[in-house]
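Examination of the molecular architecture
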Amino acid sequence: MRNLKISFIVIVLLTFFIHVEKMEAASGQTYEVGANILHVREDPASDATIIGLLHKGDRLTVFQEQYGWVQTYYGGSTAWVAKHHLIQASPEVPAANSEQTATPAKTTEAAANSVTVTAPSVNIRSGPTLEYAVIAGASQGETFNTISKSGDWINVELNNGNTGWIASWLTSSSGASTASSSEQATETATTQVASVNTDKEPTSANRSLSGFNIVLDAGHGGRDPGAIGLGGVYEKELVHQTTNQIAQTLRNHGATVIETRTSDYYLSLDERADLSNAYNTDAFISIHYNSFPVVSVQGFNTFYYTEAGHQLGRHVHSSISSAVPLANRGLGQAGYKVLRNTNAPAILLELGFITSPYDLSVIQTADYQQTVADKIAKGLLNYFH
Ligand SMILES: [Zn+2]
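Here is what the cut-offs are and how they apply
Residues numbered from 1 in each chain as written. Predicted model: local features only at pLDDT ≥ 70, side-chain atom pairs only at ≥ 80, totals over all residues. Heavy atoms only, no water. Pairing = 2+ DSSP bridges. Helix = DSSP H or I, 4+ residues; strand = E, 2+ residues; numbered from the N terminus. Axes fitted to C-alpha atoms, helices over the stretch in contact; angles between N-to-C directions. Contact = heavy atoms within 4.5 Å. Buried < 20%, exposed > 50% of the residue type's maximum accessible area, 1.4 Å probe, protein only. Right-handed = clockwise from strand over helix to strand, strands pointing away. Donors = N, O, S within 2.8 Å, 3.2 Å for Na, K, Ca; no water. Core = buried A, V, L, I, M, F, W, Y, C linked by side-chain atoms within 4.5 Å. pLDDT = per-residue confidence, 0-100.

1. Some details on the sheet that holds strand E21 (residues 346-353)
Two pairing modes exist for strands in a sheet, parallel and antiparallel, and in both the strands are linked by backbone hydrogen bonds. Here we have six strands laid out as an open sheet, ordered E17-E16-E18-E21-E19-E20, and mixed in their pairing. Of all the strands in the sheet, just strand E17 (256-259) and strand E20 (328-333) have a single pairing partner and so form its edges. The average undirected angle you get between the axes of adjacent strands in this sheet is 20°. Sheet strands in contact with helix H7 (residues 307-321) are strand E18 (283-290), strand E19 (300-304), E20 and E21, and its direction is about 30° off that of E21. Of the strands in this sheet, strand E16 (213-218), E18 and E21 touch helix H10 (residues 366-384), which is tilted by about 150° from E18.

2. Quick look at the pairing of E16
The side chains of a regular strand alternate between the sheet's two faces. Within E16, six of the six residues are buried, which leaves the element mostly enclosed by the surrounding structure. Side chains Asn213, Val215 and Asp217 project from E16 onto one buried face, and the interleaved Ile214, Leu216 and Ala218 project onto a second face that is buried too. Two elements, E16 and E17, share four bridges in a ladder whose sense is parallel. Paired with Asn213 across the bridge in E17 is Thr256. Read from E16 through helix H5 (residues 235-252) to E17, the crossover connection turns out right-handed. In this structure, E16 lies alongside E18, joined through five bridges in parallel fashion. Within the sheet, the bridge partner assigned to Val215 lies in E18 and is Phe284.

3. Let's talk about unusual backbone geometry
Phi at His220 is positive, roughly 65°, even though this residue is not glycine. Take His220: it is sitting in the loop between E16 and H5.

4. So, the coordination of the zinc ion
Protein coordination at the zinc ion: the donors are His220 (NE2), Glu235 (OE) and His288 (ND1), at 2.1 Å from the metal. Linear spacing of the donor residues for the zinc ion on their chain is H-x14-E-x52-H. Of the two residues, His220 sits in the loop between E16 and H5 while His288 sits in strand E18, which places them 68 residues apart along the sequence. A relative accessible area of 17% places His220 in the buried class.

5. Structural notes on the nonpolar core
Grouped together as the largest cluster of nonpolar side chains are 40 residues, with contacts concentrated most on Ile214, Leu250, Ile285, Leu349, Tyr368, Ile376 and Leu380. For this core, the secondary-structure elements that each account for two or more residues are E16, H5, E18, E19, H7, E21, helix H9 (357-363) and H10. When residues in this core are grouped by element, the largest group, eight residues, is from H10. Apart from residues no more than four positions distant in its own chain, Ile285 is found in contact with Ile214, Val215, Leu216, Asp217, Ile347, Leu349, Ile376 and Leu380.

6. What about the pairing of E18?
Most of E18 is tucked away: eight of the eight residues are buried. Judged by which residues are buried, E18 turns out to be covered on both faces: Ala283, Ile285, Ile287 and Tyr289 on one side and Phe284, Ser286, His288 and Asn290 on the other are all buried. For E18 and E21, the ladder comprises six bridges, and the chain directions are parallel. In the sheet register, Asn290 faces E21, and the bridge partner there is Phe353.

7. As for the confidence of the model for the protein chain
The predicted model of the protein chain has a mean per-residue pLDDT of 77, with 70% of residues at 70 or higher. Here residues 91-111 is modelled with pLDDT under 50, and outside its nearest four sequence neighbours on either side it reaches 16 contacts, counting other chains as well. Predicted confidence for residues 175-203 stays below pLDDT 50, and this span has 31 contacts to residues more than four positions away or in other chains.

In C-alpha coordinates, the structure reads:
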(Lines give C-alpha, C1' and ligand atoms only; values in the text may rest on other atoms or scores of the structure.)
Protein backbone atom coordinates (compact mmCIF):
# COMPACT_ATOMS: atom_id res chain seq x y z
CA MET A 1 0.00 0.00 0.00
CA ARG A 2 2.84 2.37 1.01
CA ASN A 3 4.78 1.43 -2.15
CA LEU A 4 1.72 2.09 -4.22
CA LYS A 5 1.39 5.50 -2.64
CA ILE A 6 5.04 6.35 -3.36
CA SER A 7 4.66 5.15 -6.95
CA PHE A 8 1.64 7.34 -7.31
CA ILE A 9 3.52 10.42 -6.05
CA VAL A 10 6.45 9.63 -8.37
CA ILE A 11 4.11 9.36 -11.34
CA VAL A 12 2.40 12.63 -10.47
CA LEU A 13 5.78 14.37 -10.11
CA LEU A 14 7.08 12.89 -13.37
CA THR A 15 3.95 13.97 -15.23
CA PHE A 16 4.40 17.45 -13.83
CA PHE A 17 8.05 17.71 -14.88
CA ILE A 18 7.44 16.23 -18.32
CA HIS A 19 4.60 18.68 -18.76
CA VAL A 20 6.71 21.64 -17.66
CA GLU A 21 9.54 20.62 -19.96
CA LYS A 22 7.17 20.21 -22.90
CA MET A 23 5.70 23.64 -22.25
CA GLU A 24 9.15 25.21 -22.23
CA ALA A 25 10.28 23.42 -25.35
CA ALA A 26 7.17 24.35 -27.27
CA SER A 27 6.95 27.94 -26.11
CA GLY A 28 8.83 30.65 -24.28
CA GLN A 29 9.56 32.39 -27.58
CA THR A 30 10.48 36.05 -27.24
CA TYR A 31 8.71 38.58 -29.40
CA GLU A 32 8.96 42.32 -29.84
CA VAL A 33 5.97 44.60 -30.36
CA GLY A 34 5.99 45.97 -33.92
CA ALA A 35 2.91 48.21 -33.71
CA ASN A 36 2.99 51.62 -32.04
CA ILE A 37 0.38 50.53 -29.53
CA LEU A 38 -0.77 46.98 -28.89
CA HIS A 39 -3.79 46.09 -26.78
CA VAL A 40 -3.40 43.35 -24.21
CA ARG A 41 -6.63 41.43 -23.84
CA GLU A 42 -8.20 39.03 -21.36
CA ASP A 43 -9.11 36.48 -24.04
CA PRO A 44 -7.92 35.65 -27.58
CA ALA A 45 -10.53 37.75 -29.40
CA SER A 46 -10.57 41.27 -30.81
CA ASP A 47 -13.65 42.14 -28.75
CA ALA A 48 -12.25 40.79 -25.47
CA THR A 49 -11.68 43.17 -22.54
CA ILE A 50 -8.52 45.27 -22.83
CA ILE A 51 -6.40 44.88 -19.71
CA GLY A 52 -3.30 46.77 -20.75
CA LEU A 53 -1.18 48.38 -23.41
CA LEU A 54 2.19 47.51 -24.89
CA HIS A 55 4.32 49.85 -26.98
CA LYS A 56 6.61 49.46 -29.96
CA GLY A 57 9.82 47.71 -28.95
CA ASP A 58 8.35 46.13 -25.78
CA ARG A 59 9.37 42.52 -25.42
CA LEU A 60 7.19 39.67 -24.27
CA THR A 61 7.47 35.95 -23.83
CA VAL A 62 4.85 33.85 -25.54
CA PHE A 63 3.59 30.58 -24.08
CA GLN A 64 0.99 29.36 -26.53
CA GLU A 65 -0.73 30.32 -29.73
CA GLN A 66 -4.36 30.16 -30.82
CA TYR A 67 -5.94 31.39 -34.05
CA GLY A 68 -3.50 34.24 -34.54
CA TRP A 69 -3.40 35.17 -30.84
CA VAL A 70 -0.56 34.48 -28.47
CA GLN A 71 -0.74 34.03 -24.72
CA THR A 72 1.58 35.89 -22.40
CA TYR A 73 1.44 37.17 -18.83
CA TYR A 74 0.47 40.71 -17.95
CA GLY A 75 0.29 42.05 -14.43
CA GLY A 76 0.56 38.52 -13.07
CA SER A 77 -2.34 37.01 -14.98
CA THR A 78 -2.65 35.35 -18.38
CA ALA A 79 -3.26 37.74 -21.23
CA TRP A 80 -3.53 37.63 -25.02
CA VAL A 81 -2.22 39.79 -27.83
CA ALA A 82 -2.66 39.58 -31.61
CA LYS A 83 0.36 37.80 -33.05
CA HIS A 84 0.14 39.87 -36.21
CA HIS A 85 1.67 42.82 -34.36
CA LEU A 86 4.67 40.92 -33.05
CA ILE A 87 8.13 40.50 -34.50
CA GLN A 88 10.17 37.49 -33.50
CA ALA A 89 12.98 38.87 -31.36
CA SER A 90 16.56 37.97 -32.15
CA PRO A 91 17.49 34.81 -30.30
CA GLU A 92 19.72 35.20 -27.28
CA VAL A 93 21.09 31.66 -27.37
CA PRO A 94 22.20 29.76 -30.49
CA ALA A 95 19.95 26.82 -29.57
CA ALA A 96 16.83 28.95 -29.98
CA ASN A 97 18.03 29.92 -33.42
CA SER A 98 18.45 26.40 -34.72
CA GLU A 99 14.98 25.58 -33.46
CA GLN A 100 13.44 28.17 -35.76
CA THR A 101 15.47 27.28 -38.80
CA ALA A 102 14.25 24.03 -40.23
CA THR A 103 15.91 23.90 -43.63
CA PRO A 104 19.63 23.38 -44.15
CA ALA A 105 19.81 26.54 -46.31
CA LYS A 106 18.53 28.66 -43.47
CA THR A 107 20.90 27.05 -40.99
CA THR A 108 23.80 28.14 -43.18
CA GLU A 109 22.40 31.64 -43.23
CA ALA A 110 22.10 31.70 -39.49
CA ALA A 111 25.62 30.41 -39.08
CA ALA A 112 27.12 33.01 -41.40
CA ASN A 113 29.28 35.54 -39.63
CA SER A 114 29.55 38.22 -42.24
CA VAL A 115 27.41 39.74 -44.96
CA THR A 116 28.35 41.66 -48.07
CA VAL A 117 26.10 44.34 -49.54
CA THR A 118 24.92 43.36 -53.03
CA ALA A 119 22.65 46.33 -53.83
CA PRO A 120 24.11 49.65 -55.05
CA SER A 121 23.24 51.33 -51.76
CA VAL A 122 21.33 50.14 -48.72
CA ASN A 123 19.95 51.65 -45.54
CA ILE A 124 20.99 50.36 -42.16
CA ARG A 125 18.19 50.68 -39.64
CA SER A 126 17.81 50.72 -35.87
CA GLY A 127 15.51 47.65 -35.93
CA PRO A 128 14.50 44.66 -38.07
CA THR A 129 11.67 46.19 -40.17
CA LEU A 130 11.36 49.03 -42.66
CA GLU A 131 9.59 51.06 -40.00
CA TYR A 132 12.76 51.64 -38.02
CA ALA A 133 14.87 54.76 -38.51
CA VAL A 134 17.80 54.77 -40.92
CA ILE A 135 20.97 55.14 -38.86
CA ALA A 136 23.62 54.57 -41.54
CA GLY A 137 24.12 53.68 -45.18
CA ALA A 138 26.30 51.16 -46.98
CA SER A 139 27.41 50.62 -50.56
CA GLN A 140 27.82 47.57 -52.75
CA GLY A 141 30.73 45.38 -51.70
CA GLU A 142 30.91 46.56 -48.07
CA THR A 143 31.15 43.71 -45.58
CA PHE A 144 29.87 43.61 -42.01
CA ASN A 145 30.19 41.13 -39.19
CA THR A 146 26.82 39.67 -38.25
CA ILE A 147 25.52 39.39 -34.71
CA SER A 148 22.07 37.83 -35.10
CA LYS A 149 19.11 37.48 -37.40
CA SER A 150 15.40 38.32 -37.13
CA GLY A 151 13.19 37.22 -40.01
CA ASP A 152 14.66 38.72 -43.18
CA TRP A 153 16.88 41.14 -41.27
CA ILE A 154 20.45 40.80 -40.11
CA ASN A 155 21.92 42.56 -37.10
CA VAL A 156 25.39 43.77 -38.05
CA GLU A 157 28.36 45.41 -36.39
CA LEU A 158 29.07 48.86 -37.84
CA ASN A 159 32.52 50.38 -38.29
CA ASN A 160 31.90 52.93 -35.51
CA GLY A 161 31.26 50.14 -33.02
CA ASN A 162 27.46 50.54 -33.04
CA THR A 163 25.09 47.92 -34.36
CA GLY A 164 22.29 48.16 -36.92
CA TRP A 165 19.91 46.09 -39.03
CA ILE A 166 20.27 45.38 -42.73
CA ALA A 167 17.77 43.64 -45.08
CA SER A 168 19.08 40.18 -45.93
CA TRP A 169 17.73 40.36 -49.50
CA LEU A 170 20.16 43.20 -50.21
CA THR A 171 23.16 41.25 -48.99
CA SER A 172 24.91 37.96 -49.52
CA SER A 173 26.03 36.01 -46.49
CA SER A 174 29.22 34.07 -46.22
CA GLY A 175 29.17 30.36 -45.45
CA ALA A 176 30.81 30.73 -42.09
CA SER A 177 30.95 27.05 -41.21
CA THR A 178 34.38 26.78 -42.84
CA ALA A 179 35.59 30.32 -42.30
CA SER A 180 37.37 30.68 -39.01
CA SER A 181 38.57 34.25 -39.20
CA SER A 182 36.65 37.29 -40.34
CA GLU A 183 39.23 37.82 -43.08
CA GLN A 184 38.45 34.38 -44.45
CA ALA A 185 34.73 35.09 -44.18
CA THR A 186 35.12 38.27 -46.20
CA GLU A 187 36.90 36.33 -48.90
CA THR A 188 34.18 33.70 -48.97
CA ALA A 189 31.51 36.36 -49.25
CA THR A 190 33.27 38.09 -52.13
CA THR A 191 33.67 34.85 -54.04
CA GLN A 192 30.03 34.08 -53.45
CA VAL A 193 28.92 37.44 -54.85
CA ALA A 194 31.00 36.85 -57.97
CA SER A 195 29.64 33.38 -58.54
CA VAL A 196 26.06 34.37 -57.80
CA ASN A 197 26.05 37.19 -60.35
CA THR A 198 26.66 34.74 -63.14
CA ASP A 199 24.27 32.23 -61.71
CA LYS A 200 20.96 31.78 -63.54
CA GLU A 201 19.07 31.10 -60.34
CA PRO A 202 20.31 33.41 -57.62
CA THR A 203 19.41 32.59 -54.03
CA SER A 204 16.77 34.61 -52.22
CA ALA A 205 19.43 36.45 -50.24
CA ASN A 206 20.69 38.41 -53.23
CA ARG A 207 17.79 38.66 -55.64
CA SER A 208 16.55 42.14 -56.31
CA LEU A 209 13.87 43.96 -58.28
CA SER A 210 16.48 46.29 -59.72
CA GLY A 211 15.86 46.94 -63.41
CA PHE A 212 12.13 46.08 -63.24
CA ASN A 213 9.39 48.64 -63.84
CA ILE A 214 6.35 48.06 -61.63
CA VAL A 215 3.16 50.08 -62.04
CA LEU A 216 1.17 50.35 -58.82
CA ASP A 217 -2.42 51.39 -59.27
CA ALA A 218 -4.20 52.68 -56.18
CA GLY A 219 -7.86 52.04 -57.01
CA HIS A 220 -10.47 54.83 -57.09
CA GLY A 221 -9.67 58.37 -55.87
CA GLY A 222 -11.12 61.87 -56.01
CA ARG A 223 -14.86 61.87 -56.72
CA ASP A 224 -14.80 58.05 -56.80
CA PRO A 225 -14.48 56.90 -53.17
CA GLY A 226 -14.76 53.20 -54.03
CA ALA A 227 -16.54 51.17 -51.38
CA ILE A 228 -17.51 52.71 -48.06
CA GLY A 229 -17.00 50.39 -45.12
CA LEU A 230 -17.92 50.10 -41.47
CA GLY A 231 -17.36 53.29 -39.50
CA GLY A 232 -17.26 55.30 -42.73
CA VAL A 233 -13.92 53.93 -43.90
CA TYR A 234 -13.28 54.92 -47.52
CA GLU A 235 -11.74 52.33 -49.82
CA LYS A 236 -9.85 55.05 -51.74
CA GLU A 237 -8.08 56.18 -48.55
CA LEU A 238 -7.11 52.75 -47.30
CA VAL A 239 -5.96 51.83 -50.80
CA HIS A 240 -3.82 54.99 -50.99
CA GLN A 241 -2.16 54.23 -47.65
CA THR A 242 -1.48 50.61 -48.60
CA THR A 243 -0.16 51.48 -52.05
CA ASN A 244 2.31 53.98 -50.54
CA GLN A 245 3.68 51.28 -48.29
CA ILE A 246 3.95 48.81 -51.18
CA ALA A 247 5.71 51.42 -53.34
CA GLN A 248 8.27 52.15 -50.63
CA THR A 249 8.93 48.46 -50.08
CA LEU A 250 9.35 47.67 -53.77
CA ARG A 251 11.73 50.63 -54.11
CA ASN A 252 13.74 49.27 -51.19
CA HIS A 253 14.04 46.06 -53.22
CA GLY A 254 15.47 48.09 -56.10
CA ALA A 255 12.35 48.30 -58.31
CA THR A 256 11.41 51.35 -60.36
CA VAL A 257 7.87 52.07 -59.17
CA ILE A 258 5.39 54.12 -61.16
CA GLU A 259 2.20 55.04 -59.28
CA THR A 260 -0.95 55.83 -61.27
CA ARG A 261 -2.03 58.27 -58.55
CA THR A 262 -0.04 59.52 -55.57
CA SER A 263 -2.80 61.51 -53.90
CA ASP A 264 -6.57 61.79 -53.85
CA TYR A 265 -7.69 62.55 -57.40
CA TYR A 266 -9.87 60.94 -60.02
CA LEU A 267 -8.36 58.86 -62.80
CA SER A 268 -10.36 56.83 -65.34
CA LEU A 269 -9.66 53.13 -65.84
CA ASP A 270 -8.42 53.86 -69.38
CA GLU A 271 -5.98 56.47 -68.06
CA ARG A 272 -4.58 53.91 -65.62
CA ALA A 273 -4.01 51.35 -68.36
CA ASP A 274 -2.62 54.00 -70.74
CA LEU A 275 -0.14 55.13 -68.12
CA SER A 276 1.14 51.57 -67.73
CA ASN A 277 1.27 51.05 -71.50
CA ALA A 278 3.37 54.21 -71.90
CA TYR A 279 6.19 52.57 -69.96
CA ASN A 280 8.12 49.40 -70.51
CA THR A 281 6.15 47.91 -67.63
CA ASP A 282 7.09 44.50 -66.27
CA ALA A 283 4.14 44.12 -63.90
CA PHE A 284 0.95 46.06 -63.19
CA ILE A 285 -0.67 45.70 -59.77
CA SER A 286 -3.99 47.32 -58.94
CA ILE A 287 -4.81 47.65 -55.23
CA HIS A 288 -8.37 47.50 -53.89
CA TYR A 289 -10.38 46.64 -50.81
CA ASN A 290 -13.64 44.78 -51.15
CA SER A 291 -17.15 45.30 -49.80
CA PHE A 292 -20.32 43.28 -49.41
CA PRO A 293 -23.68 43.92 -47.73
CA VAL A 294 -23.23 40.87 -45.46
CA VAL A 295 -20.68 41.58 -42.72
CA SER A 296 -19.67 37.93 -42.37
CA VAL A 297 -18.19 37.89 -45.87
CA GLN A 298 -14.41 38.28 -45.54
CA GLY A 299 -11.03 37.47 -47.04
CA PHE A 300 -8.72 38.52 -49.88
CA ASN A 301 -8.65 37.70 -53.61
CA THR A 302 -6.25 38.03 -56.50
CA PHE A 303 -7.60 38.54 -60.05
CA TYR A 304 -5.90 38.29 -63.43
CA TYR A 305 -7.14 38.35 -67.01
CA THR A 306 -4.36 37.17 -69.33
CA GLU A 307 -2.14 34.10 -69.04
CA ALA A 308 0.86 36.32 -68.19
CA GLY A 309 -1.28 37.89 -65.48
CA HIS A 310 -2.13 34.39 -64.26
CA GLN A 311 1.55 33.57 -63.75
CA LEU A 312 2.18 36.85 -61.93
CA GLY A 313 -0.97 36.33 -59.83
CA ARG A 314 0.02 32.79 -58.90
CA HIS A 315 3.30 33.99 -57.36
CA VAL A 316 1.92 37.05 -55.61
CA HIS A 317 -1.21 35.32 -54.32
CA SER A 318 0.60 32.36 -52.80
CA SER A 319 3.16 34.66 -51.21
CA ILE A 320 0.46 36.82 -49.57
CA SER A 321 -1.68 33.89 -48.49
CA SER A 322 1.25 32.37 -46.62
CA ALA A 323 1.51 35.40 -44.36
CA VAL A 324 -1.77 37.18 -43.70
CA PRO A 325 -4.44 36.20 -41.15
CA LEU A 326 -7.26 36.80 -43.63
CA ALA A 327 -9.40 34.12 -45.31
CA ASN A 328 -8.00 33.08 -48.68
CA ARG A 329 -10.73 33.57 -51.29
CA GLY A 330 -8.44 32.41 -54.03
CA LEU A 331 -6.89 33.40 -57.34
CA GLY A 332 -9.36 33.88 -60.18
CA GLN A 333 -9.87 35.23 -63.67
CA ALA A 334 -11.92 38.39 -64.07
CA GLY A 335 -12.52 40.77 -66.97
CA TYR A 336 -11.83 44.04 -65.15
CA LYS A 337 -11.20 46.83 -67.65
CA VAL A 338 -7.92 47.78 -66.01
CA LEU A 339 -6.69 44.19 -66.46
CA ARG A 340 -7.99 43.84 -70.03
CA ASN A 341 -6.51 47.13 -71.29
CA THR A 342 -3.07 46.83 -69.74
CA ASN A 343 -0.39 45.28 -71.96
CA ALA A 344 1.90 44.21 -69.10
CA PRO A 345 1.16 41.16 -66.94
CA ALA A 346 -1.54 42.61 -64.69
CA ILE A 347 -3.26 41.64 -61.46
CA LEU A 348 -5.85 43.20 -59.20
CA LEU A 349 -5.67 42.55 -55.47
CA GLU A 350 -8.74 42.77 -53.24
CA LEU A 351 -6.95 42.94 -49.90
CA GLY A 352 -9.89 42.30 -47.56
CA PHE A 353 -13.44 43.47 -46.90
CA ILE A 354 -13.96 46.90 -45.38
CA THR A 355 -17.46 45.70 -44.55
CA SER A 356 -16.18 42.83 -42.36
CA PRO A 357 -15.44 43.78 -38.73
CA TYR A 358 -12.68 41.18 -38.57
CA ASP A 359 -11.01 42.11 -41.86
CA LEU A 360 -11.26 45.79 -41.00
CA SER A 361 -9.50 45.28 -37.66
CA VAL A 362 -6.61 43.66 -39.51
CA ILE A 363 -6.32 45.64 -42.75
CA GLN A 364 -6.18 49.06 -41.10
CA THR A 365 -2.97 48.20 -39.26
CA ALA A 366 0.38 49.29 -40.62
CA ASP A 367 1.60 45.77 -39.86
CA TYR A 368 -0.87 44.14 -42.22
CA GLN A 369 -0.09 46.62 -44.97
CA GLN A 370 3.64 46.10 -44.48
CA THR A 371 3.22 42.31 -44.58
CA VAL A 372 1.27 42.62 -47.82
CA ALA A 373 4.00 44.88 -49.22
CA ASP A 374 6.76 42.46 -48.22
CA LYS A 375 4.86 39.51 -49.70
CA ILE A 376 4.13 41.30 -52.98
CA ALA A 377 7.88 41.99 -53.22
CA LYS A 378 8.60 38.33 -52.52
CA GLY A 379 5.99 37.22 -55.08
CA LEU A 380 7.54 39.53 -57.69
CA LEU A 381 11.03 38.22 -56.93
CA ASN A 382 9.77 34.67 -57.40
CA TYR A 383 7.98 35.65 -60.61
CA PHE A 384 10.93 37.49 -62.16
CA HIS A 385 13.78 35.19 -61.07
ZN1 LIG B 1 -12.19 48.95 -55.53
